[in-house]
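Structural features, examined
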Amino acid sequence: MPPSESISVTEDERSLPVEKLLTGRGFVTGKSGSGKSNTASVIVEALLDAGHPLFVVDTEGEYYGLKEDYSLLHAGADDTCDVVVDEGDAPILATVVFEYEYPVVLDVSGYFDIEDAKALIERTLAELFRREKEYRKPTLLVVEEIQEYLPQQGGSDDLSKLLLRIAKRGRKRGLGMCGLSQRPSAVDKDFITQCDWMIWHRLTWETDVDLVKRILGGDVADQVMALDTGEAFLMTDWDEDVDQVKFHRKQTFDAGATPSIGEEYEEPSFQPVDPEVVSEFDPGKRHADVADSATIDTATTDAERTETAAAGDGGVFTGSGVREADDSAGDDSAADDSATGESTDDDAADGSADEANDEEVAELRAALQRERERNDTLQAEVAELRELLDDRAELPDRTEADLPEAREADEDGDSLPDPTEGRRSPPLDDRRQSRPEEPAGILVELGQMIAHLIRWLSGTVYRLSRRVATRAGDLRGGRSSHPGPLGHEPTAGGRTIGGSTSLWVQIAVVVGLLAAVGLASLSVLLAVGAVSL
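So, here's what we can say about the structure. Computed from a predicted structure; not experimentally measured.

Conventions used here
- Residues numbered from 1 in each chain as written.
- Predicted model: local features only at pLDDT ≥ 70, side-chain atom pairs only at ≥ 80, totals over all residues.
- Heavy atoms only, no water.
- Axes fitted to C-alpha atoms, helices over the stretch in contact; angles between N-to-C directions.
- Helix = DSSP H or I, 4+ residues; strand = E, 2+ residues; numbered from the N terminus.
- Parallel < 35°, antiparallel > 145°, perpendicular 65-115°, else oblique.
- Left-handed = near helix turned anticlockwise from the far one by under 90°.
- Contact = heavy atoms within 4.5 Å.
- Nonpolar A, V, L, I, M, F, W, Y, C, P; charged D, E, K, R; others polar.
- Core = buried A, V, L, I, M, F, W, Y, C linked by side-chain atoms within 4.5 Å.
- Buried < 20%, exposed > 50% of the residue type's maximum accessible area, 1.4 Å probe, protein only.
- Expected span 1.5 Å × (residues − 1).
- Salt bridge = Lys/Arg side-chain N within 4 Å of Asp/Glu carboxyl O.
- Arc of directions from axis to C-beta.
- Phe/Tyr/Trp six-rings, centres within 6.5 Å; stacked < 30°, edge-to-face > 60°.
- Patch = residues over 30% accessible without salt bridge, like charges linked within 9 Å, V, L, I, M, F, W, Y side chains within 5 Å.
- Areas by Shrake-Rupley, 256 points an atom, 1.4 Å probe, with all protein chains shown as cover.
- Lys, Arg positive; Asp, Glu negative; His and termini not counted.
- Charge placed at Lys NZ, Arg CZ, Asp CG, Glu CD.

**Looking at the packing of helix 4 (residues 114-135) against helix 5 (residues 158-173)**
- It is the contact of helix 4 with helix 5, at a shortest axis distance of 10 Å, that shows an interaxial angle of 20 degrees. Between helix 4 and helix 5, the angle falls in the class roughly parallel. The crossing of helix 4 and helix 5 is left-handed. On helix 5, the residues touching Lys118, Ile121, Glu122, Leu125, Ala126, Phe129, Arg130, Glu132 and Lys133 of helix 4 are Asp158, Leu159, Leu162, Leu163, Arg165, Ile166, Arg169, Gly170 and Arg173.
- The residue makeup of the contact of helix 4 with helix 5, split by class, is 8 nonpolar, 1 polar and 9 charged.

Take a look at the structure:
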């Protein structure tokens, strides 16, 4: 690819460098009807005209219209697609992109379960990211409605982490990325900040306009709300300009156009798909590719495993290496059949190559078996640890009476026997019922009873003493604090109810209560002493 190659996508013939588009990070945004998807299609059409491969994640099922002028693979979940694929076909999709250099539109609009669609996207993008390191062919990844997979909030799943990783590290491998969204404020800002070219169509929502203001400035934010359909602000890092442009109309069938009342829907004729590409998805070949992919995975180095785990791809590696070896072995076999008259030296060389391939496959399978055995061992250890934790949770608490025995055992270097060995601990109610039979339990309950009794008696004595003191003061003053019968004033000397006779009765009650406190305390102390003995 010549470094100076560029494509024209606007009415004023504004050119964009192809290499920057294929290996950079782009962001195209605008509200519905502003021309966002048309702009992306114009860029894709220009890249296809220049003969560059690309991979489109089509969320709404509108990019298959490119087949009107271009031969590409339309993969998805229903019979309208060229091939029906699932998560297991991710290695084949990557093979089509890199080995066949064939454009692919992955249409996920037909998957009813969004999790199935995300699993397919994640596995396929992981394959593309890993294969790009091997092939190093500049390729553009286009992701429609990227806020669905890389949201500003709640985007902590494996797919969002993988997309961020591609945005940050894909350029070094040659894998570019362009995300599209109607709501830029809903897209993870870590992705937007990585973009080196951005296209801003009409936006009217306040939070979206605020984002434009932070990135492009207040003047552009004021104008972005009044842009016509197809108009946009184009910002690129390579020339550091922000220009208002108007993009061409796409040339191919607009499969995403809003239907009109009374308008008949007619699809044009589409370009045929390469039969060799479709044959890659034959059932027999599918199983072989999946087996090769699993075998190669076991031979990856520790560094590759760490890179795979960070990408969130589930640890499945491509089977291109073994597949190429098998294909070469098949080619050698065909050559042997067609050239039976060749020398025995050539036959011996071919046989030794086949043996080397067989030995390599056998080693890889042995490595896979060792990994499986290691996994089984780890699972067994985890099960034992869980069982041990469950047993520890059922052990009863050690009481104070057990502590002296435990300390003596620790000093002697011996450990106490497990009191629950061979049996389960009794239910909680049974343990509560049996606890008073222990001396420590009895002391605790007696202490609580004493405290409660003393608090009650103290409060009663305090209240009565206050009343006695008040009545004594009233008698010394020659009056009573309580009115006489029927509300009349008491007689002189306080000889009505509540007078001196009532005073001595209350004093006697106080003395009796104090004596009761003393007797109760003495009884409790005797009981505690008897228990201690």
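Additional details are given in the paragraphs that follow.
**Some points on the nonpolar core**
- Ranked by size, the top nonpolar core spans 59 residues in total, and within it Leu73, Leu125 and Phe191 carry the most contacts.
- Those residues in contact with Leu125 that sit more than four places away from it in its chain are Phe55, Val57, Leu141, Leu159, Leu162, Leu163 and Ile166.
- Residues Val18, Ile43, Val56 and Val245 belong to the second largest nonpolar core, which totals 31 residues.

**Remarks on helix 2 (residues 36-49)**
- Along its 14 residues, helix 2 runs 20 Å from first to last C-alpha, staying within 8% of the 20 Å computed at 1.5 Å per residue.
- With 13 of 14 residues buried, helix 2 lies mostly within the body of the structure.
- Just downstream of helix 2 lies Gly51, where phi reads positive at about 85 degrees.

**Points about the pattern of salt bridges**
- One pass over the structure, following the stated rule, counts 11 salt bridges.
- We note a salt bridge from Asp243 to Arg14, for which the minimum N-O separation is 2.7 Å. You can see Asp243 sitting in strand 12 (residues 241-246) and its partner Arg14 sitting in the loop between strand 1 (6-8) and strand 2 (15-17), a full 229 residues away along the chain.
- Assessed through its relative accessible area of 15%, Arg14 is described here as buried.
- Note that Asp208 and Arg183 form a salt bridge whose closest N and O atoms lie 2.7 Å from each other. You can see Asp208 sitting in helix 7 (residues 206-216) and its partner Arg183 sitting in the loop between strand 9 (175-181) and helix 6 (189-192), a full 25 residues away along the chain.
- By relative accessible area, which is 2% here, Asp208 ends up buried.
- The exposure class of Arg183 is partly exposed, given its relative accessible area of 33%.

**Observations regarding helix 7**
- Residues Asp208, Val209, Leu211, Val212 and Leu216 constitute the buried set of helix 7. Taken end-on, helix 7 shows its buried residues confined to a sector of 155 degrees, consistent with a single buried face. In helix 7, the exposed residues that point more than 90 degrees away from the buried face are Glu206 and Arg214.
- Elements in contact with the buried residues of helix 7: helix 6, strand 10 (197-200), helix 8 (218-224), strand 11 (231-236) and strand 12.
- Directly beyond the C-terminal end of helix 7, a positive phi value near 105 degrees is found at Gly217.

**Topic: the packing of aromatic side chains**
- In this structure the tally under the stated criterion is 4 aromatic pairs.
- Between Phe27 and Trp200, the ring centres sit 6.0 Å apart and the planes meet at 80 degrees, which makes this aromatic pair edge-to-face. Of the two residues, Phe27 is situated in strand 3 (residues 25-29) and Trp200 in strand 10; the sequence distance between them amounts to 173 residues.

**Observations regarding unusual backbone geometry**
- We note that Glu101 has phi near 50 degrees; this positive angle belongs to a residue other than glycine.
- With respect to the element layout, Glu101 can be found in the loop between helix 3 (90-98) and strand 7 (104-107).
- For Glu101, a relative accessible area of 40% translates into the label partly exposed.
- Despite not being glycine, Arg136 has its phi angle at roughly 55 degrees, a positive value.
- Relative to the assigned elements, Arg136 resides in the loop between helix 4 and strand 8 (139-143).

**Topic: a positive patch on the surface**
- Taken together, the side chains of Lys20, Arg169, Arg171 and Lys172 define a basic patch exposed on the protein surface.
- Here the element with the most residues in the positive patch is helix 5; it accounts for 3 residues.
- Structurally, the position occupied by Arg171 is in helix 5.

**What about the environment of Lys172?**
- Tracing the backbone shows Lys172 in helix 5.
- Taking C-alpha positions, Lys172 is 8.0 Å from Thr23, a pair spaced 149 residues apart along the chain.

So far we have only geometry, and geometry alone does not tell us how the molecule works.
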